[in-house]
Each structure stands twice: as structure tokens, then as C-alpha cells.
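Residue-level listing of the chains:
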Amino acid sequence: MSKLFNIKYAFLSITVLLIVACNSNQKKSDTLSSDNPFEEKVDSILSLMTVDEKIGQLNLPVSGDITTGQAQSSDIAKKIEEGLVGGLFNIKSAEKIKEVQKIAIEKSRLKIPLLFGMDVIHGYQTTFPIPLGLSSSWDMKLIKQTAQMAAKEATADGINWTFSPMVDISRDPRWGRVSEGSGEDPFLGSEIAKAMVEGYQGDDLTKNNTMLACVKHFALYGAPEAGRDYNTVDMSRIRMYNEYLPPYKAAVDAGVGSVMASFNEIDGIPATGNKWLLTDLLRDDWGFNGFVVTDYTGLYEMIPHGMGDKYQVAELALKAGVDMDMAGDSPAIPAAFVKTLKQSLEEGKISMSDLDTAVKRMLTAKYRLGLFDDPYKYCDLNRSKTEVFTPENRTFARKVATESMVLLKNENNLLPLKKSGTIGVIGPLANTAVNMAGTWSVATKQNLSIPLLEGLKTVAGEDVKVLYAKGSNVDYDLEYEKRVTMFGKDIPRDGRTDKQLLDEALSVASKSDVIVAAIGETAEMSGECSSVTNLQIPQLQKDLLNALLKTGKPVVLVLFTGRPLAITEENEKVPAILNVWFSGSEAGLAISDVLFGDVNPSGKLTATFPRNVGQVPIYYNHKNTGRPLGNNDGKFEKFKSNYIDVRNEPLYPFGYGLSYTDFTYNNLKLSSNQLNPNSSIEVSVNVTNSGNYDGKEVVQLYIRDLVGSVTRPVKELKGFQKVDIKNGDTKTITFQLSVEDLKFYNSNLDFVAEPGEFEVFVGTNSNATLKDTFELVK
Ligand code: BGC
């Protein structure tokens, strides 16, 4: 007995020595794209691991049941002690995380630190606009800074891994998760993917204020049939490569440390079990060298997809290239790596090398984060007091929010509002703090967000009287209303009748010089599992708006939304419309900054707004077809590609957004009308601020490849610049175009530029007509 004990003790001592040796001298500036500098260290730990411990590294349970003080005794604590857990998610606070990390470090045999993941999507406690809103800023520096700040706050709370950025291209606003992405364009989406990854990960992941990013949902999750979440995706390879894959690739090129497999199928195989996707494309073609995690229960979901039993789906996932299984380790979920892989290994269905490959990737990630060196590096208990939700962070979030808002209409310059007189703020979204941050704001203290009413009172100053009425509930349909006011983001149903609420609103309206109608979606109307078939504002709120318009008072519609809405009727009737998305914890102040003109709006849409839901999917970079319309006036033409009941063009195109000032474009010049493969062309244009305010403009450059070996889009964004132009000034904006900008995937999926004629357009949105041409010569 004592001999046995001694042998075991000796073995453990060697183990500890080895791990300590492995932990020291870590290279400080690993970029994730280099070859694995930790290979030897990883291999030496691997050689000590039991099969159970190996499978444990691939296990990512949800840690909802751990609270401070309880950590030692919870079920998960026991599993951590036994080395059966690789990371946890949904646990926050440096104190709690330290306590849990201690279990791994002090009680588990091999002392392998844990990852702590969370959905840090658009900020942490300081919350920025929803990603679709953030993308509307078209400001890459700002977007990167938001990710940096999110990383700083989240890591101060102990978290070292975020499930962001979400880069799924979507052209279908029925899909609720369109709110979580950057819209419809692969070029802009790629720039944003890069900015976000760089923001989260910084240039040194071993610092304590950077974190591992996870690009998701790989892949094509934004194209579900009929816009219904989790639904089938079916897409040609050529469309995939040209239109949907670029942002994921951009994240990989930027060195993203992890990738999340999507729920949907691709070419008939769920992404989670799709070897072509997760290995051939991601690793072999793109050179990704981080780890792949499933989406929540994605592994188990291959059973209802029809891919086999619990053993078969886990084998499929592992062999396809999945390294970590999210949320499988729960009694309610029948399939998980921890529940099947051991048996599959014993039966020879998977090999030790399949398992080792995944384990190595998990250990490498922990090395990259510097966790072996200092497992408590994110557990400084004082940091959160001085780094989270600070006044400086909130001031920054307020600025970011103003940059994301899109002025959709402003007849007779109704906006900006004067800081005098009486303003009636009316609508169910006017005074609801919890609906300001929007979907996926898990670390936001929802009650601390600033609602519009409070923001207006603060920003308006003493000369403005602000009156308020709720005006209506969210919708006539009580059941629907319940579905869209959940997760603490409620708007308590007002017990008064619709008529009583309306009467109060009309009385406020009668005393007001101008009405600000706070109307649209609640925060939970978009986001995961919030697909719709109707893109209009809920009828009850439409009726309220119409009643307000009937008073004859000027009405400004402050539109809250997580998706492009079909507001054709409102566009006809309401003189001013400001789309504010869900703009984060400082929403009310930021909206007011824009309404009063303290900030001139400069946001531009990154997703097309349709006239009606029947036009969906609708996007600017479509193909011409063999029967394009012969006119741009929306006139119906028989036997051409159009509708008999609605014109083809959207309500607001991609790239659209007004300002309180006007910008005029002229003098488009190309440095040459010929481009050869080794040179570039300079495109320049003069942009004049010809209105009455200083302002920012997003200058956009599009090309059209007129003839190709495959059909090419009518326009493709290839450059943009957000510039500050003072009232009366003119700036010359220049872009460089090289052969790289003209490349696309042809029918062999080769990335090529084909000689021939190209058009180049520069302007204020994707309808830009200022145009020149050039030729790509051999
Ligand atoms: C979502 C992911 C998210 C994960 C973890 C899933 O339901 O699809 O986007 O990261 O849950 O919360």
C-alpha cells in the first residue's frame, strides 16, 4: 500500500515539475497565426493525461449553478477537480472566477487552467449599440475601440474568452439575428470582422486586458430559408465564396483564436459535423490554427438533424474538426463528448490521435492566453471597481451610439430640434431603460441604461418643457407582447384601455410644439429565435403614430429596431425619422444629442430597408439578370424582372443615411483609365459640405465588373472613408484600386481578376451615379 502510494506520489511530483517547467518562459507576443510555439509543452502535458482528462478538456458546461462560496461544493466543482472540464461559460466576477480557477489549479491532478467564456457581444457592462447599429457607424477605429473596451471590462470581471464577433452576412431582415451582425455586405463585413478581432485580442494575448475572440457562426448562419432561425441553408459554392465566407476568412486572417460552428447545415451536412467546412476549408485552405467550439448544444442537435445516434454525432463532430463541446454536459442533453467519446475510442470508432488533436488545440489556447503562467491573471479583485462602467467608458459609449444612428428622413429640416418650447415624448419605448441596450447584452445592468425620456430632459436644458405619455402598449396581441418582452426586458402592460392611453397621449400632444414618437421594436423582437414574417411596426403603435400625425403637430419618429423594418407608410407620412437601433447603455442621452443637433447624424445603413416583406431577400449587390428593367423610375415592364404590385427598389438602399447638412460630390477622376496587374489606379472625388452644419460623411466607392466568366453583381463596395467636413469646406477624397480589389471566385473557385472593362462609382450611398470607367489589361 505504502509502496503504491509512493509510486503515485513520485509520479505526481514529476507531473507537477513538468508542468511548472512548461509554464515558465512563455513567449510573450504570440500572434495566433504563427506556428505553434507551445508544441513541446503541450505534448509533454498530453503525455501525462488520462483519456478522461483529455475528454474533459473538450468539455464546456454552462456554469449557472456556481455562486461565490458555493463553488467548492457544486457538481461542477467536483468535475473540475477530476479534470473533466475544459472551461466554463456564463460565470462572471473576478472573485467567483478566481474561486473556480483555484479548484482546477489546486485540486485537479494536472492543474490545467480553465477558460471562462461569455457572450460579450456589443460591450460588456458599458454597452454599445447592437452590432447592426455599430456597423452603421462605418468607423473601423471606433468599432475596434469598442471591442478593446469590452475586453478591458470583461477581463476585469475574470472573463478571458468572448463569443464574438458574429460576422454572418444576412440579407433577410425576417431573421432576428440580423441585429447581431454587420449587415449584408462582404467587404464591409470583413473590415468589421478584422477590427473586432484586433480589438478583443490586441497584439498580445498574454496581457490581462485582452481576450480570446471567437468568430461565429461558421458558416452561412445568416441565410436560413424563409428567415426562420435555425432553418436549413442551401447555397451554391460560388455564392458562399464570394458573398458569405469573406468575413469569417477576414477574422481568421486577423488571427482569431477560436471559431464557433453554426447550427445550420451546409451542403446537407450540419456545420458541426462538416469536415469540408471545419477542416478542409478552415484549416487546410485558410490556415486557421485555433480551436473550434460547437454552438450551444450544436453537437446534440445533429441527432434531430438526422445524422445518427449520440455516439455517431460526437464521432462525426470530432472527426470533422470540432474541439470543444458547448453545453452538452447537462443531464437534459443526451449527446456530448463527455458522454460518448471514451466508448467510441474503446470501440475504435475514433482514434487516440483524433482525440489528441483536439486536446492539443485546447491546451495551446490556454498557453496563448498565458494562463499556464498565471491562471489568475484576470482575477484582480480591484480592477472591476475602476475599469467597469466608469464615467469615461460611458462617455465613450454615448459618442459611439450617436455615430450609429441613421437619419432616414428630415422633411423641411424638422430636425434638429430647438432647445426651447414644449416637447411631447410619446410611445411605449420612451421610458423603458431595460429596452435600450438591445439583444445579447448579458452583462448590462439593464435598469441603469438611460431611457429616452431621461436623456431628453438632461440634454434639453432648462428652456425646454418635456411632457410624457406612454401612448400605447407594445401591441394589441397580448401573447405576442409577452413573447417580445422577456428576459427582464419587459414593458409592463399598462392596465388602462387603449382609448385611455391614447387620450392621454393626445392631451400631451395638444400641449406640445413638437412630438417625439418613441416607437418600434422592443429589444427582444430581434436577436436569437426572434424571426418574423411581418416587418412592420406593431399595429397598435402604428395606430398611435397615425393619431399623433392627425393632430397636425410636427412628429419626429424615433425608431427603435434591431432589423430593417418595412416602414413605407411611415416614410410617406412622418416628416422626420431617426433610426436609433438599440444604442446601448447611454441610449437616451445619445438619441437626445442627435435630436438636438449637438451631434450631427452620420450613420449609414449596412442592410437594405425593403418596401415590404415580399421583396426579401433584398440587397444592393444583386445580379443584373437577363431581363433587367429598362428604367430606374420603378415603372412596371411586362416580361422584365419586376413585381406587378411593388417596385423593385428598396425603401432605403444600402449605404443610405442623411445628415443635417448636405454633401455634394463632383470632379470624379481616375489617375488612369487602364489598370495593369502590377499597378493601381487612384480614384479621387471632391466632396463639399454645402449645407449649414459641420458634418461627417461616409464616402463610398463601388465597382461593377461589366463582363465576366461568371455573372457579376451590379455594384460591389470596394472602399469607404468616413470624413469630417466643416460647413462650406471641400475635401478631396482618394482611393486606390488595385487588381486585388477586382478579384472574385470563378466557377472553379479560383480567386481571379479578369481583364476587361469596369465601372467605378463614388457617392453617398449604393445608388451612387457619379461614374467613370477603366480597363484591366493583361
Ligand atoms: C448562440 C450563440 C451564443 C451561444 C452561447 C447560442 O444559442 O447561437 O451565438 O454564443 O448560444 O450563449
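Quick caveat: nothing in here was measured; it's all calculated off a predicted structure.

Participant: What's the story with the pairing of strand β21 (residues 716–725) in this structure? I'm lost.
Facilitator: Regular strands place side chains that alternate from one sheet face to the opposite one. The buried fraction of β21 is high, at seven of 10 residues. Note that strand β20 (residues 695–705) and β21 share nine bridges and pair antiparallel. Bridging across to β21, G695 finds its partner in I725.

Participant: Just to check I follow, could you spell out the environment of A587 for this structure?
Facilitator: Within the secondary structure layout, A587 lies in helix α23 (residues 587–595). Since its relative accessible area comes to 0%, A587 is described here as buried. For A587, the residues in contact, after removing those within four places along its chain, are M436 and I450.

Participant: Looking at this structure, how should I read the site of the ligand?
Facilitator: Among the 13 residues in the neighbourhood of the ligand, the closest are listed as D119, R177, K216, H217 and D295. Separating an oxygen atom of the ligand from a side-chain N or O atom of D119 is a distance of 2.4 Å. K216 has a polar side-chain atom sitting 2.8 Å from an oxygen atom of the ligand. For the ligand, whose free accessible area comes to 310 Å², the fraction covered by protein is 94%. Broken down by class, the residue content of the shell around the ligand amounts to seven nonpolar, one polar and five charged.

Participant: Would you mind showing me how to read the layout of surface pockets here?
Facilitator: The gaps left among the atoms become clear once a water-sized probe is rolled over them. The volume enclosed by the largest pocket comes to roughly 1200 Å³. Looking at the largest pocket, it is lined by 32 residues, and the ones nearest its centre are Y620, H622, N648, E649 and V714. Of the residues contributing to the lining of the largest pocket, the split by class is 13 nonpolar, 13 polar and six charged. One number sums up the size of the second largest pocket: a volume of about 870 Å³. Along the walls of the second largest pocket sit 35 residues, with N242, P246, K718, K743 and F751 positioned nearest its centre. Of all elements in the fold, only α8 (186–201), α9 (237–244), α10 (246–253), β21 and β23 (744–745) reach the threshold of two or more residues within the lining of the second largest pocket. Looking at side-chain class alone, the lining of the second largest pocket contains 15 nonpolar, five polar and 15 charged residues.

Participant: Would you mind going over the environment of L205 with me for this structure?
Facilitator: Secondary-structure assignment places L205 in the loop between α8 and β5 (214–218). Sequence separation between L205 and A365 is 160 residues; the distance between their C-alpha atoms is 9.9 Å.

Participant: Looking at this structure, how should I read the environment of P650?
Facilitator: Mapped onto the secondary structure, P650 falls in the loop between α23 and β17 (663–670). C-alpha separation for the pair P650 and I238, spaced 412 residues apart in sequence, amounts to 25 Å. Those residues in contact with P650 that lie beyond four places of it in its chain are T608, F609, P610, R611, Q615 and I618.

Participant: Just checking my understanding: could you explain the pairing of strand β14 (residues 514–520) for this structure?
Facilitator: Summarising burial for β14: seven of the seven residues are buried, a large majority. Of the two faces of β14, the one holding V514, V516, A518 and G520 and the one holding I515, A517 and I519 are both buried throughout. Strand direction decides the pairing type here: strand β12 (residues 421–426) and β14, joined by four bridges, are parallel. Along β14, the bridge assignment pairs G424 with I515. Here β14 pairs with strand β15 (residues 555–560) via six bridges, running parallel. Across the sheet, the residue bridging to A518 is V558, located in β15.

Participant: It is not clear to me how helix α15 (residues 352–368) should be interpreted in this structure. Could you clarify?
Facilitator: Along an α-helix, a turn takes 3.6 residues, which lines up residues three or four apart on a common side. Between its first and last C-alpha atoms α15 spans 24 Å; for 17 residues at 1.5 Å apiece the expected length is 24 Å, and the two agree. Three or more residues of α15 are buried, namely L355, D356, A358, V359, M362, L363, T364, A365, K366, Y367 and R368. Just beyond α15, the residue with positive phi is G370, at close to 75°.

Participant: Just checking my understanding: could you explain the packing of aromatic side chains for this structure?
Facilitator: Think of a pair of aromatic rings as described by two things: how far the centres are apart, and how the planes are tilted against each other in angle. The tally for this structure, following the rule as stated, stands at 25 aromatic pairs. Considering the side-chain rings of Y620 and Y702, the 5.5 Å spacing of their centres and the 75° angle between planes classify their relative orientation as edge-to-face. Of this pair, Y620 sits in the loop between α23 and β17 while Y702 sits in strand β20; the two residues are 82 residues apart in sequence, bridging distant segments of the chain. A relative accessible area of 8% places Y620 in the buried class. Over the aromatic face of Y619 sits the side chain of R171, whose NZ or CZ is 3.7 Å from the ring centroid. Looking at R237, its charged tip hangs above the ring of W276, at a distance of 3.6 Å from the centre.

Participant: Explain the pattern of salt bridges here, please?
Facilitator: Taken as a whole and assessed by the stated rule, the structure comprises 46 salt bridges. The shortest N-O distance in the salt bridge between D323 and R361 comes to 2.7 Å. Of this pair, D323 sits in the loop between α13 (310–320) and β10 (325–326) while R361 sits in helix α15, and the two are 38 residues apart along the sequence. Here D323 falls in the buried class, since its relative accessible area comes to 0%. A single salt-bridge network, built from bridges that share partners, covers K542, E569, E570 and K573.

Reading the values: the criteria
Residues numbered from 1 in each chain as written. Predicted model: local features only at pLDDT ≥ 70, side-chain atom pairs only at ≥ 80, totals over all residues. Heavy atoms only, no water. Buried < 20%, exposed > 50% of the residue type's maximum accessible area, 1.4 Å probe, protein only. Helix = DSSP H or I, 4+ residues; strand = E, 2+ residues; numbered from the N terminus. Pairing = 2+ DSSP bridges. Contact = heavy atoms within 4.5 Å. Near = heavy atom within 4 Å. Polar contact = N/O pair within 3.5 Å; in protein donor to acceptor, adjacent residues only side chain to side chain. Areas by Shrake-Rupley, 256 points an atom, 1.4 Å probe, with all protein chains shown as cover. Nonpolar A, V, L, I, M, F, W, Y, C, P; charged D, E, K, R; others polar. 1 Å grid on protein atoms, 1.4 Å probe; cavity = no way out; pocket = protein on both sides within 12 Å on 5 of 7 lines; lining within 4 Å. Points joined across faces, edges and corners; volume = space filled by probe spheres on them. Expected span 1.5 Å × (residues − 1). Phe/Tyr/Trp six-rings, centres within 6.5 Å; stacked < 30°, edge-to-face > 60°. Lys NZ or Arg CZ within 6 Å of the ring centre and 35° of its normal. Salt bridge = Lys/Arg side-chain N within 4 Å of Asp/Glu carboxyl O.

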